[in-house]
Amino acid sequence: MKSDVQQASAELRALLNQKNIKHYPGFLLEAYTLLGDIYIDIDQVDLAIKRYEKAWSYSDDSMDKVRQRLLLKKGTATLKSNPNLAISYFNSCLVQNPKGEYASACREGLADAQVALNKSSPALKLYLDLEQHYQDENHPEDLVRIQAKLANAYYAQNDIVNARTNFQNAYSNAQLSPPNNDVVLDVYNQAKENIISGETSLENQKAIRGQNIELNNLNPRQKAVEQLKLAELYVLADEPQLALSTLKEADKTIGNIDAPEIKAEINRKSSRVFARQGEFDKAFEALRIYEKERQAALDATETNLNKQLAIVKNQQRIDLDEKDYINAYNKTTYDKSLYKTQRYIIVLLSSLLLIAAISLYIIWRNIESKKRTNSLLQLKNLRAQMNPHFLFNALNTVNEYIITQDERSANQYLTDFSSLMRHILDNSQKDLIPLHDELHVSRLYLELEHRRFSDHFDFNIEVDDDLPDDLQLPPLTLQPFLENAIWHGLRYKKEKGTLFFNIKNSNTGVVIRIIDNGIGRLKSKELKTQNQKLRKSTGLSNTTKRIQLVNRLYNTNMHLYIMDAFPSSEDVGTEIKIELR
């Protein structure tokens, strides 16, 4: 774009130097207006204002539309640096012609200047009037811009609810009619960043960032920048794989477009994530590409600065204002020198950042290793508690058979019990066992307990035939729940109860349910207090802790739920649900 501006500037200089050009004031008016626009393009506001004033000198009182347009341009040019001056230009624009072609734009500029001066209330009134006007006139692009500005104005007043509402309106209209104007997109993006900064939830921030990536009007540069920001949110949320995939998408989006500054940032962020994951080869490769693209970005900046210098020289030949020329030249030369210094500083800082990232990763890895070791010791301790707990209960059963002199039952029970113990001992040193092994142990346990309490309950087992073969869980996970159902629920039921034990496939994995129609947890607790039972049950709490530890250590996804099975019945029973995802 800079080369086009430079060529236009040179052509205008040639035309203005022609001897007979002064006989065409209309051409001079448009030429100096265009020269002012060129200065705005290279961020030389003071020089632009002088060109617009020069253009004004070639107009007369009959040119309301022309003068209104020049006042609008001067107000827009001074909006950031001097909002009070901008207000005077916009007011003059409205005085020039309150119903003219540029009146709405001047009112919008007036509201923008008031926002810049923290005068949100009068600005909001102007914006709301303009919103209604653009709705009535069916100007969707202008409507998106105004609604985004409304969101920004409400945000400045800490009115987050109205800010979100107006931003959502802007987003909805942008989906229906994607804006192609960079000014509209800049305002919209500012509103979006304000809304995101006001969100405390990373999930909400990711959702807003993600939905805006899908806007059809985004060019590759804008989309890649948005993807970069989304990747940063994934890093903050400790989701490195999503961060890397998003960075990869950003790199694909930018493709072969000449955007070294964006490519540099993609590789800088990728290097940080790779380093954190311990993939140092990939981290160093990304850093190498970052340094290469950063150098290209600095070179491009230097080239653009040189082009700006050439433009300023061309303008000086037209204007003959040596003071303007010297000021502009010195400012651009200073910027060029500053960028050269920044180039060396950025390379040094990049190296230091990588070293710091690697050091932090090593420290983090050592801490995580210690945490994992402690968790493994805790898991082994809980597992060691489960086996004696179960053995104690089983031997009590044998003891009761012997006391009642039921030798045949005791012998048969010991035979079946030995089979059960063989499976338990085989699994005793394992943190996880296949689901079908745990099911076999649970079935043996139920048969043993039913032999003893056959007058108290029956049991029903249902298992899907096509359960996944790779599902695992800690040994003796289900037995404590079966034991609680029998000993604390069904044993005290007045009539014979039923225990339902089923394992089914679901949309999200496998669901295990243990349901009894016994007296329920509350009545069981009351009975225990009344009988002053000394036996303390640790199986349930140990099982819950083991599930939590296994989820953390082995990245499994087991969830435990305990609830009343039949809330409206006298005997509410208990339902245990375990989801394996």
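Throughout what follows, the structure given in this document is the object of discussion. The structure presented is a predicted model; accordingly, all values stated were derived computationally and were not measured.

1. Some points on the state of the cysteines
Next up, step 1: A full pass over the atoms with the stated rule returns 1 disulfide.
Next up, step 2: Between Cys-93 and Cys-106 runs a disulfide, and the two sulfur atoms are separated by 1.8 Å. Handedness here is read from the sign of the S-S torsion; for Cys-93 and Cys-106, about 75°, the answer is right-handed. A residue pair is termed long-range when its members are at least 10 positions apart, and Cys-93 in helix α5 (residues 83–96) and Cys-106 in helix α6 (residues 103–116) qualify at 13 residues. The two residues Cys-93 and Cys-106 agree in class, both being buried.

2. Observations concerning α5
Next up, step 1: Under the 1.5 Å per step criterion, the end-to-end length of α5 is 20 Å for 14 residues, consistent within 8% with the ideal 20 Å.
Next up, step 2: On the buried face of α5, the contacting elements are α3 (45–56), α4 (64–78) and α6.

3. Some thoughts on the pairing of strand β4 (residues 497–505)
Next up, step 1: Here strand β2 (residues 457–463) runs beside β4; their pairing, made up of 7 bridges, is parallel. Residue pairing for β4: Asn-460 is matched across the bridge by Phe-500.
Next up, step 2: Bridging between β4 and strand β5 (residues 510–516) involves 7 bridges; their strand directions are antiparallel. Paired with Phe-500 across the two strands is Ile-515, which belongs to β5.
Next up, step 3: Counting the residues in the hairpin turn of β4 and β5 gives 4 residues, including Gly-509, whose phi is positive at 155°.

4. Here's the deal with the environment of Gly-255
Next up, step 1: Along the polypeptide, Gly-255 turns up in the loop between α13 (240–254) and α14 (260–276).
Next up, step 2: Once the C-alpha coordinates of Gly-255 and Arg-221 are considered, the two residues, 34 residues apart in sequence, prove to be 9.8 Å apart.

Parameters and conventions
- Residues numbered from 1 in each chain as written.
- Predicted model: local features only at pLDDT ≥ 70, side-chain atom pairs only at ≥ 80, totals over all residues.
- Heavy atoms only, no water.
- Disulfide = S-S within 2.5 Å.
- Helix = DSSP H or I, 4+ residues; strand = E, 2+ residues; numbered from the N terminus.
- Buried < 20%, exposed > 50% of the residue type's maximum accessible area, 1.4 Å probe, protein only.
- Expected span 1.5 Å × (residues − 1).
- Contact = heavy atoms within 4.5 Å.
- Pairing = 2+ DSSP bridges.

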